[in-house]
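Examination of the molecular architecture
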Amino acid sequence: MTMTSNDADDKVAIVVSEGSYDKAMASVFLGSTAAGLGMEVHLFFTFFGLELLKKNKRPRLKGMYRPFTGMFEKKMKGIGVESFQDMMDTCSEMGVRLYACSTSMEAMGLKKEQLRDGVDVLGASKFLDIAAGSKVQLFIG
Amino acid sequence: MLRETNRLSAREKLYASIYNISRKTVIIRMEVAKMVDESLDCKGMMCPMPIVHITKKIKTMNPGQVLEVVADDVGSLEDVPAWADRTGNELMEKREDGGEFHFIIRKS
């Protein structure tokens, strides 16, 4: 079973720099799927993406679509997709590593206590170190 | 291993006539059905939920056990084999049946 593979080739590093619903879902989808494929997944949240790490955060669609977030969530539920918070829990359960950007935390005035459990605070260099050893690097923003 | 095709039971004959498939196929499917330890219904789920649920389910199973998955997301037709390939689990069967996709996976 290669489910918990630590092979460098099987690493995925994803940067999430936006906190809107679509970007949020794209990150948890890719994160959970990659973890499901037996890859080691590292999600790095920066700038507005950091909002997604807040406890009980419910991301909204962007701009003029914002009022339709509820409708969209309902539709997603209809096709078996869990809510964002449930997907985050699923990700953690599957071993996806979550990181908060330390600079963004300062800039956004966020404390570690405000973030969900299991989040590590990192700087850009450490993340780039992880990304350099990953075969797949993605930027969602 | 497989029984003679002309010695099908009434139930198997009925199955063959309903689904318009050869009797040999019926026997193979019934043999496979006997091996299944767990089954997972992923109907109505879209990517990536079937993969997420399969991963969770397979974690609870023992090596050698067989999981049957039914899904109706067209994406799963390629996703499940790719998942099996990457995780090293054996995809024993993949078939389409009236818009539904059946997968038989053996945990390695």
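Residues numbered from 1 in each chain as written. Chains lettered and ligands numbered in written order. Predicted model: local features only at pLDDT ≥ 70, side-chain atom pairs only at ≥ 80, totals over all residues. Heavy atoms only, no water.

**Re the overall build of chain A**
Counting its secondary structure elements, chain A contains five helices and five strands. Going from the N terminus to the C terminus, chain A shows its helices and strands as β-α-β-α-α-β-α-β-α-β. A compact globule built from 141 residues would reach a C-alpha radius of gyration of about 14 Å, and chain A, at 15 Å, matches this within 12%. Counting only C-alpha atoms, chain A reaches 45 × 35 × 25 Å along its principal axes. The buried share of chain A, reckoned over its 141 residues, is 49%. (Helix = DSSP H or I, 4+ residues; strand = E, 2+ residues; numbered from the N terminus. Rg over C-alpha atoms; globule rule 2.2 N^0.38 Å. Buried < 20%, exposed > 50% of the residue type's maximum accessible area, 1.4 Å probe, protein only.)

**Section: helix H2 (residues 23–35) of chain B**
Counting along an α-helix, one turn takes 3.6 residues, and residues three or four places apart therefore face a common direction. Residue and element names in this part refer to chain B. With 13 residues, H2 should reach 18 Å at 1.5 Å per residue; the first-to-last C-alpha distance of 19 Å fits that figure. Turning to H2, its buried residues number three or more, namely Val26, Ile27, Arg29, Met30, Glu31 and Val32. Buried residues belonging to H2 abut helix H1 (10–19), strand S3 (90–97) and strand S4 (100–106). (Expected span 1.5 Å × (residues − 1). Contact = heavy atoms within 4.5 Å.)

**Let's talk about the layout of surface pockets**
Residue and element names in this part refer to chain B. Roughly 280 Å³ of internal volume is contained in the largest pocket. In terms of lining, the largest pocket is formed by 13 residues, of which the most central are Tyr15, Arg29, Met30, Ala33 and Arg95. Looking at the lining of the largest pocket, the elements that each hand over two or more residues are H1, H2, S3 and S4. The dominant element in the lining of the largest pocket, judged by the number of residues it contributes, is H2, at four residues. Its residues assigned to classes, the lining of the largest pocket shows six nonpolar, one polar and six charged. (1 Å grid on protein atoms, 1.4 Å probe; cavity = no way out; pocket = protein on both sides within 12 Å on 5 of 7 lines; lining within 4 Å. Points joined across faces, edges and corners; volume = space filled by probe spheres on them. Nonpolar A, V, L, I, M, F, W, Y, C, P; charged D, E, K, R; others polar.)

**Quick notes on the pattern of salt bridges**
Scanning the model with the defined rule gives 14 salt bridges over all chains in all. For Glu51 of chain A, the salt bridge identified is with Lys57 of chain A, shortest N-O distance 3.5 Å. Judged by relative accessible area, Lys57 of chain A falls into the partly exposed class, the value being 22%. Arg95 of chain B serves as the salt-bridge partner of Glu93 of chain B, at 2.7 Å between the closest nitrogen and oxygen. In this structure, Glu93 of chain B and Arg95 of chain B share a single accessibility class: buried. Several salt bridges converge on common partners, so that one network encompasses Glu51, Lys54 and Lys57 of chain A. (Salt bridge = Lys/Arg side-chain N within 4 Å of Asp/Glu carboxyl O.)

**Side note on the sheet that holds strand S4 (residues 119–122) of chain A**
Across a sheet, strands are paired by hydrogen bonds formed along the backbone, either parallel or antiparallel in direction. All names here are of chain A. Spatially, S4-S3-S2-S1-S5 is the arrangement adopted by the five strands of the open sheet, whose pairing is parallel. Single-partner strands in this sheet number two, and they are S4 and strand S5 (136–140). Neighbour-to-neighbour, the strand axes of this sheet turn through a mean angle of 25°, independent of strand direction. Here strand S3 (residues 97–101) pairs with S4 via four bridges, running parallel. Paired with Tyr99 across the strands is Asp120, a residue of S4. Sitting on the sheet, helix H1 (residues 21–36) touches strand S1 (11–16), strand S2 (40–45) and S5, and the angle it makes with S5 is about 165°. (Pairing = 2+ DSSP bridges. Axes fitted to C-alpha atoms, helices over the stretch in contact; angles between N-to-C directions.)

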